[in-house]
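Reading the structure
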Amino acid sequence: MKAIDVHVHPSTLPFSHSRLWGAEVAQSAEKYYRTTEKIRSDEEMAQDFKDLDVKALIIGWDAGAGMGYETSDTNDEVANLIKKFPDTFIGGWAMIDPWKGKLAVKELERCIKELGLTGLKFQQAAQAFFPNDRRFYPLYEKCVELKIPVSFHTGTTGLGAGMPGGNGLRLEHVKPIPYIDDVAADFPELTIVMIHPAWPWHEEQIAVLLHKANVYADLSGWAPKYFPEAIKREVNGRLQDKFMFGSDYPDIPPKRWLEEFEGGGYKPEVIEKVLYKNAQRILKFTI
Ligand SMILES: [Zn+2]
């Protein structure tokens, strides 16, 4: 195994951008990422990772209340892909609309106990909530009880980018301080992963990573050559045990990410840690 990609969106039909986000947001996001969506079969998607000898954690989607869309049951689809290709897709992040209240907590329990998913993921800009709002604390309590990690989007987002009013999405929702820092302080037993270099708040992200032992980050959503300099320095230095490889497949191809990262001037032991050793330790994967 070359690496564990902790941040992968399925590129199969149930996860098509227009189905998850609506046609307009999908179009603007493609423009922002300069990509055209390609729908793959389950087999084609798994092959993309087999070709690279990369294991992956795949991600669901559920942001109906914030986005104004009724989304399909993607957690079941995530579980199906894992069941079909267990050697490639070694885990999955459930995504659950936190505004579902008690039903969200029930769905989390179902996703972990029945579907076999391995973590919970939020996209707070799309889901329109602040992580430190006490109304959502029962979800984190359930994560602690189930001994699973939770991940939060940080930094700007391609969703709504370039649209009037960003299609109503608020960047304030995805700032590390105080929102994620507060959750980390209130739940010291909870493993928290900040998703993406958190530009333009990557300095805040670094501060939280330095201060809270239970907080980590993935490096998805950015081609490594564009990482902010401060992030590059921390990855190669004092925070080398905190960052994990994530691509944001299919928008960022893992092949490109890996090539740029491996050619990015990082120490060999740092490359090993970021590519898989940190994920094995932090997310407790014994492969
Ligand atoms: Zn993503």
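None of these values were measured; they are calculated from a predicted model. (Residues numbered from 1 in each chain as written. Predicted model: local features only at pLDDT ≥ 70, side-chain atom pairs only at ≥ 80, totals over all residues. Heavy atoms only, no water.)

Here we look at the sheet that holds strand 1 (residues 3–8)
Where we set the bar: We call two strands paired when DSSP finds no fewer than two bridges between them. Helix and strand assignments follow DSSP, with helices taken as H or I runs no shorter than four residues and strands as E runs no shorter than two, numbered in order from the N terminus. Residues count as neighbours in contact if any of their non-hydrogen atoms are within 4.5 Å of one another. Axis geometry follows a simple rule: fit a line to the C-alpha atoms, using only the stretch in contact for helices, then measure angles between N-to-C directions, giving values from 0 to 180 degrees.
Pairing is parallel in the open sheet, where eight strands are placed in the order 1-2-3-4-5-6-7-8. This sheet does not close on itself; its edge strands, each paired only once, are strand 1 and strand 8 (243–244). Across three bridges, the pairing between strand 3 (residues 89–95) and strand 4 (residues 119–122) is parallel. The partner of M95 across the bridge, within strand 4, is K121. Here helix 5 (residues 74–84) sits on the sheet in contact with strand 2 (54–59) and strand 3, set at roughly 175° to strand 3.

Some thoughts on the environment of G246
Relative to the elements of secondary structure, G246 occurs in the loop between strand 8 and helix 12 (254–262). Non-local contacts of G246, meaning those with residues more than four positions away in its chain, are made with D5, V6, H7, L219, S220 and W257.

Some thoughts on the nonpolar core
Our working definition: We call a set of buried residues a nonpolar core when its members are Ala, Val, Leu, Ile, Met, Phe, Trp, Tyr or Cys and they connect through side-chain atoms within 4.5 Å of each other. Each residue is placed in one exposure class: buried if its accessible area under a 1.4 Å probe, protein chains only, is under 20% of its type's maximum, exposed if it is over 50%, and partly exposed if it falls in between.
Counting 97 residues, the largest nonpolar core has F89, L120, Y140, W257 and F261 as its most contacted members. Of the residues forming this core, the biggest block, seven residues, is contributed by helix 13 (residues 268–282). Apart from the residues within four sequence positions on either side, Y140 is in contact with F122, F129, P131, F152, V183, F187 and L190.

By themselves these figures say nothing about function.
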